[in-house]
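Spelled out from the first residue to the last, the chains are:
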Amino acid sequence: MSFQTKTRRAYVNITSQIENYVKESGVQEGLCLVNAMHITASVYINDDESGLLSDYDRWLEKLAPHEPVSDYEHNRTGEDNGDAHLKRQIMGREVVVAITKNCLDLGPWEQIFYGEFDGRRKKRVLVKILGE
Ligand code: ZN
């Protein structure tokens, strides 16, 4: 999958797209791995609730504020995404979801999200479906 978000940070629900890949695969029982291919983006599972998404964003900004960019040693390389690397670490790299009867076996409120922390450029997510 590829993404190019319009904003620096974004939280995109990708559950239905992943569900479609599982259907297309025909796999009845197995595992589905979904991982961000970039060190400033995450894939994670949680609730798709607007207040929670806003809470994540404010919490991450409190832990690793984007500005001042000069606060990050990493930014001495000429980049301005020191905060995005730290946010990615907290939100994780990948998720693995069980496939049962050709469906993602998610809990009642579980949704799969792509978390972007240094957007406005092309990024990729890998989806690997294993099973029979
Ligand atoms: Zn960087």
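Nothing here was measured: the structure is a model prediction, and the numbers come from that model.

Asker: Would you take a moment to explain the coordination of the zinc ion for this structure?
Answerer: Six octahedral donors around a metal ideally subtend angles of 90 or 180 degrees, whereas four tetrahedral donors ideally subtend 109.5 degrees. Coordination of the zinc ion by the protein involves His-74 (NE2), Glu-79 (OE), Glu-79 (OE), Asn-81 (OD1) and His-85 (NE2), with metal-donor separations of 2.1 to 2.7 Å. Counting along the primary sequence, the residues that act as donors to the zinc ion give the motif H-x4-E-x1-N-x3-H. By relative accessible area, His-74 is classed as partly exposed at 30%.

Asker: Help me understand the pairing of strand S8 (residues 123-131), please; the structure alone is not making it clear to me.
Answerer: Where a strand is regular, its side chains alternate between the two sheet faces. Here strand S1 (residues 2-3) runs beside S8; their pairing, made up of 2 bridges, is antiparallel. When the sheet's bridge partners are listed, Ser-2 is paired in S8 with Arg-124. Pairing of strand S3 (residues 29-36) with S8 involves 7 bridges; the strand directions are antiparallel. Each residue of the ladder has a partner; that of Gly-30, found in S8, is Gly-131.

Asker: I'm lost on the sheet that holds strand S4 (residues 41-46) in this one. Help?
Answerer: The strands making up a sheet associate through backbone hydrogen bonding, with each pair oriented either parallel or antiparallel. Reading across from one edge, S2-S7-S4 is the order of the 3 strands in this open sheet, with antiparallel pairing throughout. A single partner strand is all that each edge strand has here, and the edge strands are strand S2 (10-13) and S4. Between one strand axis and the next, the sheet turns through 25° on average, direction left out of account. The pairing of S4 with strand S7 (residues 111-116) spans 6 bridges and is antiparallel. Residue pairing in the sheet places Tyr-44 in a bridge with Phe-113 of S7.

Asker: It is not clear to me how the packing of aromatic side chains should be interpreted in this structure. Could you clarify?
Answerer: In this description, a pair of aromatic rings is defined by centroid distance and the angle of the planes. Under the definition given, this model contains 4 aromatic pairs. Aromatic pair Tyr-11 and Phe-117: ring centres 6.2 Å apart, planes at 65°, arrangement edge-to-face. Of this pair, Tyr-11 sits in strand S2 while Phe-117 sits in the loop between S7 and S8, and the two are 106 residues apart along the sequence. Accessibility classification places Tyr-11 together with Phe-117 in one group, the buried group. Ring centres of Tyr-44 and Phe-113 lie 5.4 Å apart, and the angle between their planes is 10°; this geometry places the pair in the stacked category.

Asker: Got a minute to help me understand helix H1 (residues 15-25) in this structure?
Answerer: Listing the buried residues of H1 in full gives Thr-15, Ile-18 and Val-22. Here the buried residues of H1 occupy an arc of 70° about the axis, which is enough to place them on one side. Lining the buried residues of H1 we find S2, S3, strand S5 (94-100), strand S6 (103-104), S7 and S8. In the segment just after H1, Gly-26 is the residue with positive phi, at about 75°.

Asker: Got a minute to help me understand the environment of Val-43 in this structure?
Answerer: Take Val-43: it is sitting in strand S4. Judged by relative accessible area, which is 0%, Val-43 ranks as buried. Apart from residues no more than four positions distant in its own chain, Val-43 is found in contact with Val-34, Asn-35, Ala-36, Met-91, Gly-92, Arg-93, Glu-94, Val-95, Ile-112, Phe-113 and Val-125.

Asker: Looking at this structure, I do not really get the nonpolar core. What am I missing?
Answerer: Taken as a class, soluble globular proteins show a tendency for nonpolar side chains to be buried jointly. In terms of nonpolar packing, the biggest core is built from 18 residues, with Ile-14, Ile-18, Val-34 and Ile-112 touching the most fellow members. Mapped onto this core, the elements with two or more residues apiece are H1, S3, S4, S5 and S7. With sequence-adjacent residues up to four places away left out, Ile-14 is seen in contact with Met-1, Phe-3, Val-34, Ile-112, Phe-113 and Tyr-114. Tyr-44, Leu-60, Ala-84 and Phe-117 belong to the second-largest nonpolar core, a separate cluster that totals 9 residues.

Criteria and cut-off values
- Residues numbered from 1 in each chain as written.
- Predicted model: local features only at pLDDT ≥ 70, side-chain atom pairs only at ≥ 80, totals over all residues.
- Heavy atoms only, no water.
- Donors = N, O, S within 2.8 Å, 3.2 Å for Na, K, Ca; no water.
- Buried < 20%, exposed > 50% of the residue type's maximum accessible area, 1.4 Å probe, protein only.
- Pairing = 2+ DSSP bridges.
- Helix = DSSP H or I, 4+ residues; strand = E, 2+ residues; numbered from the N terminus.
- Axes fitted to C-alpha atoms, helices over the stretch in contact; angles between N-to-C directions.
- Phe/Tyr/Trp six-rings, centres within 6.5 Å; stacked < 30°, edge-to-face > 60°.
- Arc of directions from axis to C-beta.
- Contact = heavy atoms within 4.5 Å.
- Core = buried A, V, L, I, M, F, W, Y, C linked by side-chain atoms within 4.5 Å.

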